[in-house]
Amino acid sequence: MSYQVPRGTKDILPVETEKWQSIERLIQETCSLYQYKEIRTPMFEHTELFLRSVGDTTDIVQKEMYTFTDRGDRSLTLRPEGTAAVVRAYVEHKMFGMPDQPVKLYYMGPMFRYERQQAGRYRQFSQFGVEAIGSADPAIDAEVISLAMDICKKAGLTSLKLVINSLGDAESRASHKESLVEHFKPSIGEFCQDCQNRLEKNPLRILDCKVDRNHPLMNTAPALSDYLNEESKQYFDKVKEYLTVMGLKFEVDVNLVRGLDYYTHTAFEIMSTAEGFGAITTLCGGGRYNGLVENIGGPTAPGIGFGMGVDRILLAQEAEGVPLPKLSTLNVYVVALGEEAKKKAVEVVRNFRLNGISADLDYLDRKMKAQMKSADRLSAENVLIIGEEELNEGCAVLKNMTDGTQQKVLFDEILSFLKRN
Ligand code: ATP
Ligand code: MG
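What you see is a predicted model; the values in this text were computed from it and never measured.

### Regarding the sheet that holds strand β3 (residues 67–69)
Spatial strand order, β2-β4-β3: 3 strands in an open sheet with antiparallel pairing. Edge strands, defined here as strands with exactly one partner in the open sheet, are β2 (44–46) and β3. The sheet shows a mean angle of 35 degrees between the axes of neighbouring strands, direction not considered. The pairing of β3 with strand β4 (residues 75–78) spans 3 bridges and is classified as antiparallel. Paired with Phe68 across the bridge in β4 is Leu76.

Rendered as structure tokens:
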């Protein structure tokens, strides 16, 4: 029997992890500039949380969750998205009572969805997301969107499209819902089973259906934009105004409907328009969720957030040919010849590392030539050669691999020498 990773998952090997670490650093730095603090929630939650918050007419809940019963007979689910858990934590830890509002949080880590595997779509993938809870100011919608755009841009992406829409408040959505049902009901038999189920529960989700996307009734469906009440319109205008003063270009797409049930007002997506990126181009999706906190047992607290697919950011970087981040460097490779020299090498390498100098040495008892080759392969900046003769003089030969120069340096002086050069 030979073992392979489960379908839809992948190993991220060391050459790749450098790219991941560089994106992760970028995310941490940018969030810190925006004053969003990291929150880490468990990989699994009570299934009920997702049913309640993501919504039972969504693809996620209907067919994508990894749900299992534990030995205590509890139904648990590997988290398919981040917002539900963050909002749960917000309520559980009474963050609504904290002195600084809104509460600005971010998370990053693996999410799990049972999906058909294809490029850019995995069963375990990494998502970065932010949530700002406790403010219904349209300026924070703009802040959240600008944070997402900044990350994409700082990741080196230039072929980006920002699309926004307003889903309106509860009142606007209710009157829109009525006319949607009227519109689809007579011909609902021509739609997939999911859409038939959605008709009464959440007809807005029909517009987001991937199976029936080309049905003629899709294009003629009543647009939410025509049903926005005055308040919702004003809110949307403000968001657009703030985005404009930030210098962010956007398109309004009245058909943009986000996949989760809990969105109100602002919805947005960031797409890659890079050639050769393939069919799945959404990098990030998010929006406002004014009813969610209350829905899962908290006080009335408006929120907004997004989820960004980190795997997809890396794919977009590849499609755009973004240069790789600088690989980690090796300051010194220590070549030791003979048992006494080896002992000294072990001591010296330890000392280098304690002093912030990256160092490595041979562990295969190889000849000098092979050790030099290793140093080369590892792109060592310097090689320190410890031979028996030099050892007796209390020194070693330090070779600068960039310009090829070499000189004898006393062991006592190597550290300060390296730090100087
Ligand atoms: P899609 O329409 O592609 O299925 P979605 O609406 O299900 O997306 P969200 O739930 O909004 O996606 O998740 C936010 C982001 O997470 C997506 O824009 C995407 O970048 C990423 N993402 C979602 N599902 C996957 C997956 N299975 N594999 C990799 N990345 C994913
Ligand atoms: Mg999906």
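Here the narrative resumes, following the displayed structure.
### Topic: helix α4 (residues 83–92)
In terms of residue burial, α4 counts as a mostly covered element, since 9 of its 10 residues are buried. When α4 is considered as a whole, its buried residues turn out to be Thr83, Ala84, Ala85, Val86, Val87, Arg88, Ala89, Tyr90 and Val91. Residues of α4 that are buried sit in contact with β2, α2 (47–53), β5 (103–112), β6 (124–133) and α10 (292–295). Positive backbone phi, approximately 50 degrees, marks Lys94, located one or two places after α4.

### Regarding the domain arrangement of the protein chain
Under the domain assignment, the protein chain is made up of domain 1 (14–169 + 229–320) and domain 2 (332–420). For domain 1 and domain 2, the distance between their C-alpha centroids amounts to 49 Å.

### Structural notes on the site of ligand 1
Arg113, Glu115, Arg121, Tyr122 and Arg258 are the nearest of the 15 residues found near ligand 1. The separation between an oxygen atom of ligand 1 and a polar main-chain atom of Leu283 is 3.1 Å. When ligand 1 sits alone it has 590 Å² of accessible area, and the protein chains cover 90% of it. Elements with a minimum of two residues in the shell around ligand 1: β6, β10 (282–288) and β11 (303–309). Tallying contributions element by element places β10 first for the shell around ligand 1, with 3 residues. Taken together, the residues of the shell around ligand 1 break down into 4 nonpolar, 5 polar and 6 charged.

Procedures and definitions
Residues numbered from 1 in each chain as written. Chains lettered and ligands numbered in written order. Predicted model: local features only at pLDDT ≥ 70, side-chain atom pairs only at ≥ 80, totals over all residues. Heavy atoms only, no water. Pairing = 2+ DSSP bridges. Helix = DSSP H or I, 4+ residues; strand = E, 2+ residues; numbered from the N terminus. Axes fitted to C-alpha atoms, helices over the stretch in contact; angles between N-to-C directions. Buried < 20%, exposed > 50% of the residue type's maximum accessible area, 1.4 Å probe, protein only. Contact = heavy atoms within 4.5 Å. Domains from an automatic or database assignment. Near = heavy atom within 4 Å. Polar contact = N/O pair within 3.5 Å; in protein donor to acceptor, adjacent residues only side chain to side chain. Areas by Shrake-Rupley, 256 points an atom, 1.4 Å probe, with all protein chains shown as cover. Nonpolar A, V, L, I, M, F, W, Y, C, P; charged D, E, K, R; others polar.

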